[in-house]
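# Structure assessment
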Amino acid sequence: ANDDDDDTSVVVETRTRTKRPPLYKVLLLNDDYTPMEFVVAVLERFFGMDHAQAFEIMLTVHQKGLAVVGVFSHEIAETKVAQVLDFARQHQHPLQCTMEKE
Ligand code: TYC
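All values derive from a computational prediction rather than experimental measurement.

Criteria and cut-off values
- Residues numbered from 1 in each chain as written.
- Predicted model: local features only at pLDDT ≥ 70, side-chain atom pairs only at ≥ 80, totals over all residues.
- Heavy atoms only, no water.
- Patch = residues over 30% accessible without salt bridge, like charges linked within 9 Å, V, L, I, M, F, W, Y side chains within 5 Å.
- Areas by Shrake-Rupley, 256 points an atom, 1.4 Å probe, with all protein chains shown as cover.
- Salt bridge = Lys/Arg side-chain N within 4 Å of Asp/Glu carboxyl O.
- Lys, Arg positive; Asp, Glu negative; His and termini not counted.
- Charge placed at Lys NZ, Arg CZ, Asp CG, Glu CD.
- Helix = DSSP H or I, 4+ residues; strand = E, 2+ residues; numbered from the N terminus.
- Buried < 20%, exposed > 50% of the residue type's maximum accessible area, 1.4 Å probe, protein only.
- Near = heavy atom within 4 Å.
- Polar contact = N/O pair within 3.5 Å; in protein donor to acceptor, adjacent residues only side chain to side chain.
- Nonpolar A, V, L, I, M, F, W, Y, C, P; charged D, E, K, R; others polar.
- Core = buried A, V, L, I, M, F, W, Y, C linked by side-chain atoms within 4.5 Å.
- Contact = heavy atoms within 4.5 Å.
- Phe/Tyr/Trp six-rings, centres within 6.5 Å; stacked < 30°, edge-to-face > 60°.
- Pairing = 2+ DSSP bridges.
- Axes fitted to C-alpha atoms, helices over the stretch in contact; angles between N-to-C directions.

## Considerations on a positive patch on the surface
Together, Arg 15, Arg 17, Lys 19 and Lys 101 make up a region of like positive charge exposed at the surface. Tracing the backbone through its elements, the reader meets Arg 15 in the segment before strand E1 (24-29). Take Arg 15: its relative accessible area is 70%, and that puts it in the exposed class.

## A short note on the site of the ligand
Taken together, Leu 28, Leu 29, Asn 30, Asp 31, Thr 34, Met 36, Val 39, Met 58, Val 61, His 62 and Leu 95 form the complete shell of residues around the ligand. In this structure, Thr 34 approaches the ligand through a main-chain N or O atom, which is 3.0 Å from a nitrogen atom. Residue His 62 places a side-chain N or O atom 2.9 Å away from a nitrogen atom belonging to the ligand. Protein chains shield 88% of the accessible area of the ligand, which is 340 Å² for the free molecule. Where the shell around the ligand is concerned, the elements lending two or more residues are E1, helix H1 (36-47) and helix H2 (51-64). It is H2 that contributes the most residues to the shell around the ligand, three residues altogether. Here the shell around the ligand is built from residues that sort into seven nonpolar, three polar and one charged.

## Some thoughts on the nonpolar core
The tendency in soluble globular proteins is for nonpolar side chains to be buried as a group. Grouped together as the largest cluster of nonpolar side chains are 25 residues, with contacts concentrated most on Val 26, Leu 28, Val 42, Leu 43, Phe 47, Val 84 and Leu 95. Put simply, the parts of the chain that give this core at least two residues each are E1, H1, H2, strand E2 (66-72) and helix H3 (74-90). With seven residues, H1 is the single largest residue contributor to this core. Aside from chain neighbours lying at most four places away, what touches Leu 95 is Leu 28, Leu 29, Asp 31, Thr 34, Phe 38, Val 39, Val 42, Val 84, Leu 85 and Ala 88.

## Topic: the packing of aromatic side chains
Scanning the model with the defined rule gives three aromatic pairs in all. On the numbers, 5.5 Å between centres and 80° between planes, the contact of Phe 46 with Phe 87 is edge-to-face. Placement of the pair is Phe 46 in helix H1 and Phe 87 in helix H3, with a sequence separation of 41 residues. A residue is classified by how much of its surface remains accessible, and Phe 46, at 12% relative accessible area, is buried. Classification of Phe 87 as buried rests on a relative accessible area of 11%.

## Quick word on the sheet that holds E2
Strands in a sheet are paired, the pairing made by backbone hydrogen bonds, and the direction either parallel or antiparallel. The three strands are arranged E2-E1-E3 in an open sheet whose pairing can be described as antiparallel. The open sheet terminates on both sides in strands that have one partner only, identified here as E2 and strand E3 (96-101). On average, each strand axis in the sheet is inclined to that of its neighbour by 30°, with strand direction left out of account. Of the pairings in the sheet, the one linking E1 to E3 comprises six bridges and is antiparallel in character. Bridge pairing in E3 places Leu 29 opposite Gln 96. Packing of H2 onto the sheet brings it into contact with E1 and E2, and relative to E2 it is tilted by some 130°. Contacts from H3 reach E1, E2 and E3, with the element oriented near 170° to E3.

Following this line, the structure appears as structure tokens:
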């Protein structure tokens, strides 16, 4: 009997690469019309900043044209952007907010 050709065992080693989900920066954009105090209120309401922090970031956006206001998962970033745009529209301010992959 020939038992030489029945060993079909193969060891395959697989390496598990655990990828972190990508993060997204939420950016606030400057404009000439949205009141400074409205922007401060947005940063307090939707980004959990205290008044001093919010005022500082608002001034950065005003002076530099834009600033990162937070870094989140895709879903949270989308929600933040939608909340800011809805709130701005409700108050008829042209405030713009967007997200970009980090
Ligand atoms: N530039 C606006 C003003 O002078 C203030 C402002 C700041 C608007 C930040 C938008 O994201 C913004 N009233």
